[in-house]
Amino acid sequence: MPMSKSFQDRLFPIAEELAKHYGTPFHIYDETGIRETGKRLNQAFSAIEGFREYFAVKALPNPRILTIMQDLGFGFDCSSIPELISSRQVGGRGEDIMFTSNNTTQEEFLMAAAEGGCILNLDDISLIAKVPVFPEQVCFRYNPGPRRTGNVIIGNPVEAKYGITHDQVISAYKLALERGAKRFGIHTMVASNERDYTYIVETARMLLQLAEMVEDDLGIRFEFLNIGGGLGIPYKPQDQPLDLDKMSSEITDIFAEFKSSHGYAPRMYMESGRWITGPHGTLITRAINHKSIYRQYIGVDACMSSLMRPGMYDAYHHIDVIGKTDQEKSETYDVTGSLCENNDKFAVQRSLPPIREGDLLAIHDTGAHGHSMGFQYNGRLRPKELLLRTDGSVELIRRAETVADYFSTLNFAADVFPA
């Protein structure tokens, strides 16, 4: 079920007061839900020695949220300089950070190596020669190509831009050895928002088989396998959740079998983002217009700059009209924003209770890839972020963008390259 009842019970009674105090729209995140989910993940894989979650910073890159991740013992999965900086600002150091990027620049490599470095995860065999200071520990991202099928969001592995091919694996690690690497990991990411737990189990099995192949050929013993993220959440009320217990039990058994036959087992890392924070965020927006033409439209004061997944992926996000119940669903609406794009819609032909101007809508499951995918097209600005804390208080953790922010990059010293 999208957005837990516990979160709703604590948020909805105070939503109107929050809207009056902070103004709308805003994303609000549930600290209690995030912490409970993180603890559940740690417990599920506790039997695998050295298990660690590296939170995908791109999902919710707010320092206040990253501090919670550090409290949970998580590391940070980064793919850009700002994400590296954010992770280090909350205390991430060295092997607390996994840096996975593609088409990586020299500037990014240098930043990855700064301040104690990180685990460098290379996306392409050509990057081996381009790393300015090659680290002692290195990892490669593996793309299985036709050996696996992908899913809608991440696509067919054969068509994906990420990773080294199966035929490049031995060569990549051999070249890394020649550049002085002494410690090794391997990584993959072959699905996104996947709720079939068996797909994740097979990903773990695939990487262990790959580790065995590389060890047989090069004598390398991998310190860790990063099975990626991609754990899915049920966006629709009728969706079945991922079976974490079965998934963790079967993966734990696979690692135990590997240890029994090889005398050791690598540590297992994971880089979930959506599964940790996605259900624990909601976008609160106010209905400001009711348009009746060929369809019934409800215009709200948020738009795609606040949440672009529905417009980008045709993704479903459940909507509640705060103060009204599902039993009152008697109208069919498109719920739209103000952007000059026809796909600026949070819902299309959605059955909802009658909505009047001034009603508050809660758009579920925006705790991952919501605010972080925002943009400024059409001069529309990104909203504020709030945190519903465990003690029931609410904290502003990011202010809304302003018109001054929008124009700030136009304040610069004149620089004209001569003809």
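Structure: above.
Residues numbered from 1 in each chain as written. Predicted model: local features only at pLDDT ≥ 70, side-chain atom pairs only at ≥ 80, totals over all residues. Heavy atoms only, no water.

Draft legend 1. Molecular detail of the sheet that holds strand E5 (residues 119-122). Strands sit in the order E2-E3-E4-E5-E6-E7-E8-E9 around a closed barrel of eight strands; the barrel is parallel. The sheet shows a mean angle of 25 degrees between the axes of neighbouring strands, taken without regard to direction. Here strand E3 (residues 75-78) pairs with strand E4 (residues 97-100) via three bridges, running parallel. Directly across from Cys78, in E4, lies its bridge partner Phe99. Across the sheet, helix H5 (residues 81-89) touches E3 and E4, and the angle it forms with E3 is around 170 degrees. (Pairing = 2+ DSSP bridges. Helix = DSSP H or I, 4+ residues; strand = E, 2+ residues; numbered from the N terminus. Axes fitted to C-alpha atoms, helices over the stretch in contact; angles between N-to-C directions. Contact = heavy atoms within 4.5 Å.)

Draft legend 2. Layout of the side chain of His318. Position of His318 among the secondary structure elements: in the loop between helix H11 (309-313) and strand E12 (319-321). Owing to a relative accessible area of 5%, His318 belongs among the buried residues under this scheme. Polar side-chain contacts of His318 include one of 2.8 Å to the side chain of Tyr316. Once residues lying within four places of it in the same chain are set aside, the contact partners of His318 are Pro2, Tyr235, Pro237, Lys329, Arg350, Ala362, Ile363 and His364. (Buried < 20%, exposed > 50% of the residue type's maximum accessible area, 1.4 Å probe, protein only. Polar contact = N/O pair within 3.5 Å; in protein donor to acceptor, adjacent residues only side chain to side chain.)

Draft legend 3. Region of interest: the pattern of salt bridges. In the structure shown here, the tally under the stated rule is 24 salt bridges. Salt-bridge contacts for Lys329 lead to Asp326; the nearest nitrogen and oxygen are separated by 3.7 Å. For Asp326, a relative accessible area of 40% translates into the label partly exposed. The salt bridge partner of Arg382 is Glu401, with a shortest N-O separation of 2.5 Å. Linking Arg382 in the loop between strand E15 (360-363) and strand E16 (384-388) with Glu401 in the loop between strand E17 (394-398) and helix H12 (403-407), this pair joins segments that are 19 residues apart in sequence. (Salt bridge = Lys/Arg side-chain N within 4 Å of Asp/Glu carboxyl O.)

Draft legend 4. Layout of the environment of Glu194. Its location among the elements puts Glu194 in the loop between strand E7 (183-188) and helix H8 (197-218). Looking at Glu194, the relative accessible area reads 15%, which means it is buried. Taking the C-alpha atoms as reference, Glu194 lies 16 Å from Ala56; in sequence the two are 138 residues apart.

Draft legend 5. Here's a closer look at the packing of helix H3 (residues 31-44) against helix H9 (residues 244-262). Where H3 meets H9, the axes come as close as 9 Å, and the angle between the chain directions of the two elements is 30 degrees. Judged by the angle between their axes, H3 and H9 are roughly parallel. Along the contact surface, H3 presents Arg40, Leu41 and Ala44, while H9 presents Leu244, Asp245, Ser248 and Thr252. Partitioned by chemical class, the residues of the contact of H3 with H9 number three nonpolar, two polar and two charged. (Parallel < 35°, antiparallel > 145°, perpendicular 65-115°, else oblique. Nonpolar A, V, L, I, M, F, W, Y, C, P; charged D, E, K, R; others polar.)

Draft legend 6. Just empty space enclosed by the protein, in detail. Taken as a whole and judged by the stated rule, the model has two cavities of 30 Å³ or more. Considering only enclosed or pocket space, the second largest cavity measures out at about 30 Å³ in volume. In terms of lining, the second largest cavity is formed by Val190, Ala191, Tyr199, Ile200, Thr203, Ile227 and Gly229. Tallied by class, the residues present in the lining of the second largest cavity amount to five nonpolar, two polar and no charged. (1 Å grid on protein atoms, 1.4 Å probe; cavity = no way out; pocket = protein on both sides within 12 Å on 5 of 7 lines; lining within 4 Å. Points joined across faces, edges and corners; volume = space filled by probe spheres on them.)

Draft legend 7. Spatial organisation of the packing of aromatic side chains. Applying the stated criterion to the full structure yields eight aromatic pairs. On the basis of an interplanar angle of 25 degrees and a centroid distance of 4.9 Å, the ring pair of Phe45 and Phe51 is categorised as stacked. Residues Phe45 and Phe51 agree in their burial class; the two are buried. The interplanar angle of 90 degrees and the centroid separation of 5.2 Å between the aromatic rings of Tyr173 and Phe222 together place this pair among those described as edge-to-face. Taken as a pair, Tyr173 in helix H7 (residues 169-178) and Phe222 in the loop between H8 and strand E8 (224-226) lie far apart in primary sequence, 49 residues in all. Accessibility classification places Tyr173 together with Phe222 in one group, the buried group. Clustering of aromatic rings is evident, with ring pairs tying together Phe140, Tyr173, Phe184 and Phe222. The ring centre of Tyr54 lies 5.4 Å from the NZ or CZ of Arg52, which sits over that ring. Above the face of the Tyr162 ring, Arg141 is positioned so that its terminal group lies 4.2 Å from the ring centre. (Phe/Tyr/Trp six-rings, centres within 6.5 Å; stacked < 30°, edge-to-face > 60°. Lys NZ or Arg CZ within 6 Å of the ring centre and 35° of its normal.)

Draft legend 8. The side chain of Asn226, seen in detail. Secondary-structure assignment places Asn226 in strand E8. Polar contacts involving the side chain of Asn226 include one to the main-chain amide nitrogen of Gly228, which spans 2.9 Å. Excluding its chain neighbours within four sequence positions, the residues that come into contact with Asn226 are Met98, Ile186, His187, Thr188, Leu207, Tyr269, Met270 and Glu271.

Draft legend 9. Quick peek at the nonpolar core. Residues Phe45, Leu122, Met247 and Ile251 are the most contacted members of the largest nonpolar core, which totals 75 residues. The dominant element in this core, judged by the number of residues it contributes, is H8, at 10 residues. Those residues in contact with Phe45 that lie beyond four places of it in its chain are Phe51, Leu244, Met247, Ser248, Ile251, Met268 and Met270. In this structure, Phe12, Leu360, Leu386 and Leu388 belong to the second largest nonpolar core, which totals 17 residues. (Core = buried A, V, L, I, M, F, W, Y, C linked by side-chain atoms within 4.5 Å.)

Draft legend 10. Expanded view of the layout of surface pockets. The calculated volume of the largest pocket comes to roughly 810 Å³. In terms of lining, the largest pocket is formed by 34 residues, of which the most central are Lys58, Ser79, Tyr162, Met189 and His369. Among the secondary structure elements, those contributing two or more residues to the lining of the largest pocket are E3, helix H10 (274-277) and H11. When grouped by side-chain class, the residues that make up the lining of the largest pocket number 11 nonpolar, 13 polar and 10 charged. Quantified by volume, the second largest pocket comes out at close to 380 Å³. If you trace the second largest pocket, you find 20 residues lining it, with Thr37, Arg40, Pro234, Pro279 and His280 closest to the centre. Its residues placed into classes, the lining of the second largest pocket shows nine nonpolar, six polar and five charged.

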